[in-house]
Amino acid sequence: MYLPRQLISHLYLQLLRSHHPLSPPVLILVALEPDALCACRILTALLKRDYIPHKIQPVAGYGDLARAGEDLVRPMQTTNGGSGGVVICLGVGGLVDLGEILNLTSAEEEVEDLGGIEIWVLDARRPWNLANVFGGQAGIGQAMAEIDVNARRNGRGVEKGRITPSYTSKYGGIVVFDDGDIEEELGSEREAYYALLEMPEVDDDNDASANDSSDDDDDIVPGSKKRKSWSEREDGEESDEEDGPPRRRKRSNSGSSLASSPTHRRRTAINSSNSSRSPTPASDSPSPTEIRQPSTKQLTRRLIKLKRRHESVLQRYYSAGTSYSEPISSLIYSLASELGREDNDLLWLAIIGASSLELSGRTMTGVGISSTSESGGSAGWGGQRGEHIRQILRDEVHRLNPPDPSERDRDARGEINGVIPTTARSPTDTSIRLSPEPRFLLVRHWSLYDSMLHSPYLATRLHVWTENGRKRLHKLLAKMGVSLSQCHQNYTHMDMELKRALRGRLLKYAPMYGLDGLVPPETSGGHASSREGWGFVRCWGWKACLSATDVGVIIGAMLEVGPHEASGPWDTKRISRPKVSDEADINQGPNGSDLASLLPRFWSAYDALSLTSESPTLLMEALPLAQHLHRAILRTGTSLLSKHQIRHLRAFRIAVVKDGPDVKLFTNPGALTKLALWIAEAIKVQERDKGDSVKIGRKRAAGTPLVLAGLDEDRDLYVVVGTGGGGGVIDFAAMSKRQEERRKKKEAKEKRQKERELRRARRAAERAEQGDEDAEDEESDESESSSESESEDEDPRGSKNLLRNRFGIAFQEVVQETNARVRIDSFDHCVVEVQKDDLGGFLEALSFRSVVG
């Protein structure tokens, strides 16, 4: 089931009304990523205000998710002695069948019963698992022979998977929170899913047998066994955890075969009675009763063709590749706003979550470099839609942080001049402000030179891994009038006149070096609507002043880098790394260690996002972690590029990190992904500067896909990540315009289509009277193929300029066809673990796959 955006507070209000002191606590499963962590902080703040007890369980991968289902979720089921309850998945399980991976349903059972558990799913990853979106409703298989399935769903407040205001939560089920994509884009998938669900059993093998068999007297719909799902894989497929996560296209347990329902029996009886009648012409023109009814052979063929047609719609959706939609932190903030609970603290968490997506390369084309225009400001994770959400956040900042009348003039002058704020207005100032943030890294907490040097945007465009690139950086600083002694000081200690004039000088001289988007462009006024590309800054009195991007960088480093990796207060004051006893324990946990070693990172990051005054102190203590990580990214990326260790295979480029001082750091998928994004951005700039992209072709012009492998010597395997080339961010304005044009063309085609259908029906009736069944089947084939091609043309996701990341699909295909020992445990399917000896064969097989769709 899915919850429409306009009903986002419906389930929470029901939880609030049904809660009592004996109610079980709400279980929150959280992914180890900044966006999910911020969403968890917002949600727990709401639950605390309403005195609803809750329990937080970090989840690092599919193995942890399955264990959480066995240890925490199953005991809550009423069928297992529990009392039901609510489970909330934040950034967890959007790509798989949650009922199966949590072990809440059995493949042998015809009735799906979640035991009074309602699972809320909030995930920015796409594509959705349609069994969760349109299925996931407990108990719809009961009494199927007595109650019509549509009437049963509508009676519960669910209309073809869509929750209506009359829905109640007492039965349990899986509920996906829609950010608008399901309602607007998955109409054809919704119809295909329910058409397959309600279709009687038919096996593709029956098509061949029907061709050889003669027509029977009884014209009935074939099928007596339970219908198999369209996406069910081979029977011998193993489900061991080492083979990877469950496939995204799982069988929906939300229904059974409808062939034996009263509705189908009545239709069968009608067909049988009509076929047994003898034609008795009463006039020269034939009447409808005189037309011979289709035979069993014809019905079987038509049913198989219709089944394949619907399967192709779902297969096209799943095979398009991965992408990311709206951040779940902004979706949870929408819930708080709908409840009237929004404040500065929750708004700040939503801003951090939205800002963190770009840092980890999560765009609307999957994990990869951003391909938005370089007009200025943040590169953005979602094109026009992402900028629209950021603009809403800017409006919220102005609404919740009105300027002080006594300081209005001073603040206006500072914002117009584009001065980057580094201090609070007063010792008690905790407001959020807009700031023309340049694309520098941790500029308030580093020197200007180090901040520019470690900035992925600036470093890759100036080629800082070469000697000439460093000279270009020095020349840029010299043209701006900043001496080397000044730029090596801490930014807050620089000359105030230089800081005031910094933005103007960057706007003047940065375009000379191809850095047009280094800072936001000039604004035409003081309103938030004219500040496209501006960032967000918050101060905690004199304690600290941090931008949302700074916090995203720090929180990401806390989750990705162990406290043993960097020197500083973490060695003595924070949690030490637990020791692993043997090889079995090493291989047991996700991402290179067991969950016990990741829990300290999660709770440290969780505490750093606290809504209390301790939050900035913990963030500032973790600054060495972030600086250490990005120094390692620069060192390792420079080494790979300068030594020409990046190889070009058939479909992508490949690089391996297997030696050096930072090799252990990149055994974490998050840190390895950031290094891959840095290298991919550098390769893209190199190809653009050399003009190779024009020769190579259109797809390569958007950026070359990259596979980066990091050696984990402790476990004798490679962690492998595949990043897309950043081709094509969706332009929703242009898409809506194209859809309007298609709608007009479709209306014009419908008239011609009706005329063709009338002529086709007349010819079919004439041929049926003559017994020419094959000609009728050929005509139906032509009709269905033409309609299918039209649907493909109208599908906006089929546009070739949306080059999505298909590494997850390619990885699974290689695993199925080779003997490579591969483990797919990350929620991002473009991250896998490959045994050291199998890496060569794995990459060779992968090079023949389509990795960008």
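Just so you know, these numbers come straight off a predicted model, no measurement behind them. (Residues numbered from 1 in each chain as written. Predicted model: local features only at pLDDT ≥ 70, side-chain atom pairs only at ≥ 80, totals over all residues. Heavy atoms only, no water.)

## With respect to the overall build of the protein chain
Turning to step 1, where the next piece is worked out: A count of helical and extended segments in the protein chain gives 33 helices and 21 strands.
Turning to step 2, where the next piece is worked out: Across the 853 residues of the protein chain, 56% fall into the buried class.
Turning to step 3, where the next piece is worked out: Partitioning the contacts of the protein chain with sequence separation of at least 6, the portion at a separation of at least 24 is 79%. (Helix = DSSP H or I, 4+ residues; strand = E, 2+ residues; numbered from the N terminus. Buried < 20%, exposed > 50% of the residue type's maximum accessible area, 1.4 Å probe, protein only. Contact = heavy atoms within 4.5 Å.)

## Quick word on helix H8 (residues 187-198)
Turning to step 1, where the next piece is worked out: Compared with the 16 Å implied by 1.5 Å per residue over twelve residues, the 17 Å span of H8 between its first and last C-alpha is a close match.
Turning to step 2, where the next piece is worked out: Those residues of H8 that sit buried are Glu189, Arg190, Ala192, Tyr193, Tyr194, Leu196 and Leu197. (Expected span 1.5 Å × (residues − 1).)

## Re unusual backbone geometry
Turning to step 1, where the next piece is worked out: That bond from Arg126 to Pro127 is cis: its omega, 15 degrees, falls within 30 degrees of zero.
Turning to step 2, where the next piece is worked out: Residue placement: Pro127 occurs in the loop between strand E6 (125-126) and helix H5 (130-133).
Turning to step 3, where the next piece is worked out: Even without being glycine, Asn103 reaches a positive phi, approximately 60 degrees.
Turning to step 4, where the next piece is worked out: Inspection of the secondary structure assignment puts Asn103 in the loop between helix H4 (98-101) and strand E5 (117-122).
Turning to step 5, where the next piece is worked out: With relative accessibility at 34%, the residue Asn103 sits in the partly exposed group.
Turning to step 6, where the next piece is worked out: One non-glycine residue, Leu442, lies in positive phi territory at about 50 degrees.
Turning to step 7, where the next piece is worked out: Structurally, Leu442 is set in the loop between strand E13 (432-435) and helix H16 (448-453).

## A look at the pairing of E13
Side-chain direction in a regular strand flips from residue to residue, so the side chains alternate between the two faces of the sheet.
Turning to step 1, where the next piece is worked out: Side chains of E13 alternate between two faces, with Ile432 and Leu434 and Arg433 and Ser435 buried alike.
Turning to step 2, where the next piece is worked out: Note: E13 against strand E14 (residues 535-539), four bridges, orientation antiparallel. By the bridge assignment, Ser435 is partnered in E14 with Gly535. (Pairing = 2+ DSSP bridges.)

## Some details on the pairing of E5
Turning to step 1, where the next piece is worked out: When you tally the buried positions in E5, you get six out of six residues, the bulk of the element.
Turning to step 2, where the next piece is worked out: Burial along E5 is two-sided: Ile117, Ile119 and Val121 and Glu118, Trp120 and Leu122, pointing in opposite directions, are all buried.
Turning to step 3, where the next piece is worked out: With six bridges connecting them, strand E4 (residues 85-90) and E5 associate as parallel partners. Within E5, the residue paired with Gly85 across the bridge is Ile117.
Turning to step 4, where the next piece is worked out: Alignment of E5 against strand E9 (residues 173-177), held across four bridges, turns out to be parallel. Across the sheet, the residue bridging to Val121 is Val176, located in E9.

## A closer look at the pattern of salt bridges
Turning to step 1, where the next piece is worked out: Tallied over the entire structure, the rule returns 33 salt bridges.
Turning to step 2, where the next piece is worked out: Linking Arg399 and Glu396 is a salt bridge whose minimum nitrogen-to-oxygen distance equals 3.0 Å. Separated by three residues within a single helix, Arg399 and Glu396 lie in helix H14 (residues 383-400), roughly one turn from each other.
Turning to step 3, where the next piece is worked out: Take Arg399: its relative accessible area is 44%, and that puts it in the partly exposed class.
Turning to step 4, where the next piece is worked out: Glu687 is paired through a salt bridge with Arg653; the nearest N and O atoms lie 2.9 Å apart. (Salt bridge = Lys/Arg side-chain N within 4 Å of Asp/Glu carboxyl O.)

## Regarding the packing of aromatic side chains
Turning to step 1, where the next piece is worked out: Summed over the entire model, instances satisfying the criterion amount to 15 aromatic pairs.
Turning to step 2, where the next piece is worked out: Centre to centre, the rings of Trp120 and Phe177 are 5.7 Å apart; their planes meet at 50 degrees, and the pair counts as tilted. With Trp120 in strand E5 and Phe177 in strand E9, the pair connects residues that are 57 residues apart, well separated along the chain. You'll find Trp120 and Phe177 in the same group, each marked buried.
Turning to step 3, where the next piece is worked out: Between Arg41 and the ring centre of Tyr606, over which it is positioned, the NZ or CZ distance is 3.8 Å.
Turning to step 4, where the next piece is worked out: Directly above the aromatic system of Tyr491 lies the positively charged group of Lys499, at a separation of 5.7 Å from the ring centroid. (Phe/Tyr/Trp six-rings, centres within 6.5 Å; stacked < 30°, edge-to-face > 60°. Lys NZ or Arg CZ within 6 Å of the ring centre and 35° of its normal.)

## A closer look at the sheet that holds strand E19 (residues 717-723)
Turning to step 1, where the next piece is worked out: If you trace the six strands from one edge of the open sheet to the other, you get E16-E17-E18-E19-E21-E20, paired in mixed fashion. Two strands lie at the open edges of the sheet, namely strand E16 (647-648) and strand E20 (822-823), each paired on one side alone.
Turning to step 2, where the next piece is worked out: With five bridges joining them, strand E17 (residues 653-657) and strand E18 (residues 706-712) adopt parallel strand pairing. Bridged to Ala655 within E18 is Leu708.
Turning to step 3, where the next piece is worked out: Each of E17, E18, E19, E20 and strand E21 (831-835) is contacted by helix H33 (residues 839-846), which is oriented at about 135 degrees to E21, the strand it contacts most. (Axes fitted to C-alpha atoms, helices over the stretch in contact; angles between N-to-C directions.)

## Here's the deal with the sheet that holds E14
Turning to step 1, where the next piece is worked out: What the three strands build is an open sheet, ordered E13-E14-E15; its pairing is antiparallel. Since the sheet does not close on itself, it has two edges, and those belong to E13 and strand E15 (545-547), each with one partner. Neighbouring strand axes in the sheet, compared pairwise and without regard to direction, differ in orientation by 30 degrees on average.
Turning to step 2, where the next piece is worked out: Here helix H13 (residues 344-359) sits on the sheet and contacts E13, E14 and E15; the angle it forms with E14, its principal contact strand, is near 135 degrees.

## Looking at the environment of Asp50
Turning to step 1, where the next piece is worked out: Assignment of secondary structure puts Asp50 in the loop between helix H2 (34-49) and strand E3 (54-59).
Turning to step 2, where the next piece is worked out: Judged by its relative accessible area of 14%, Asp50 falls in the buried class.
Turning to step 3, where the next piece is worked out: For the pair Asp50 and His19, spaced 31 residues apart in the sequence, the C-alpha separation amounts to 9.7 Å.
Turning to step 4, where the next piece is worked out: Ignoring sequence-local partners within four residues, the contact set of Asp50 consists of Tyr12, Leu16 and Arg341.

## Thoughts on the confidence of the model for the protein chain
Turning to step 1, where the next piece is worked out: Predicted confidence across the protein chain gives a mean pLDDT of 76, with 70% of residues reaching 70 or more.
Turning to step 2, where the next piece is worked out: When the criterion is pLDDT under 50, residues 107-111 qualifies, and its contacts beyond four places in sequence or with other chains add up to eight contacts.
Turning to step 3, where the next piece is worked out: Counted against residues more than four places away or in other chains, residues 566-593, with its pLDDT under 50, gives 52 contacts. (pLDDT = per-residue confidence, 0-100.)

## Describing the packing of H2 against H13
Turning to step 1, where the next piece is worked out: The contact between H2 and H13 brings their axes to 7 Å, and the two run at 160 degrees. By the angle between their directions, the pair H2 and H13 is classed as roughly antiparallel. In this structure, the crossing between H2 and H13 has a hand that is left-handed. Contact with H2, carried on its side by Pro34, Asp35, Cys38, Arg41, Ile42, Ala45, Leu46 and Arg49, involves Leu346, Leu349, Ala350, Ile352, Gly353, Ser356 and Leu357 of H13 and no other residues of that element.
Turning to step 2, where the next piece is worked out: Broken down by class, the residue content of the contact of H2 with H13 amounts to ten nonpolar, two polar and three charged. (Parallel < 35°, antiparallel > 145°, perpendicular 65-115°, else oblique. Left-handed = near helix turned anticlockwise from the far one by under 90°. Nonpolar A, V, L, I, M, F, W, Y, C, P; charged D, E, K, R; others polar.)

## Observations concerning helix H12 (residues 328-338)
Turning to step 1, where the next piece is worked out: Counting buried positions over the eleven residues of H12 gives eight, a clear majority of the element.
Turning to step 2, where the next piece is worked out: Among the residues of H12, those classed as buried are Ile328, Ser329, Ser330, Leu331, Ile332, Tyr333, Leu335 and Ala336.
Turning to step 3, where the next piece is worked out: Positioned one or two residues after H12, Gly340 has a phi angle of 75 degrees, which is positive.

## Brief notes about the packing of H12 against H13
Turning to step 1, where the next piece is worked out: Contact pair H12 / H13: the axes reach a minimum separation of 8 Å and the direction vectors enclose 155 degrees. Put simply, H12 runs roughly antiparallel to H13. The hand of the H12/H13 crossing is left-handed. When H12 is examined against H13, the residues Ser329, Ser330, Tyr333 and Ala336 are found in contact with a partner set consisting of Leu346, Leu347, Leu349, Ala350, Gly353 and Ala354.
Turning to step 2, where the next piece is worked out: Residue composition of the contact of H12 with H13, by class: seven nonpolar, three polar and no charged.

## Some words on the environment of Thr365
Turning to step 1, where the next piece is worked out: On the secondary structure map, Thr365 appears in the loop between strand E11 (362-363) and strand E12 (366-367).
Turning to step 2, where the next piece is worked out: A residue is classified by how much of its surface remains accessible, and Thr365, at 4% relative accessible area, is buried.
Turning to step 3, where the next piece is worked out: Sequence separation of Thr365 and Tyr324 is 41 residues, and the distance between their C-alpha atoms is 6.9 Å.

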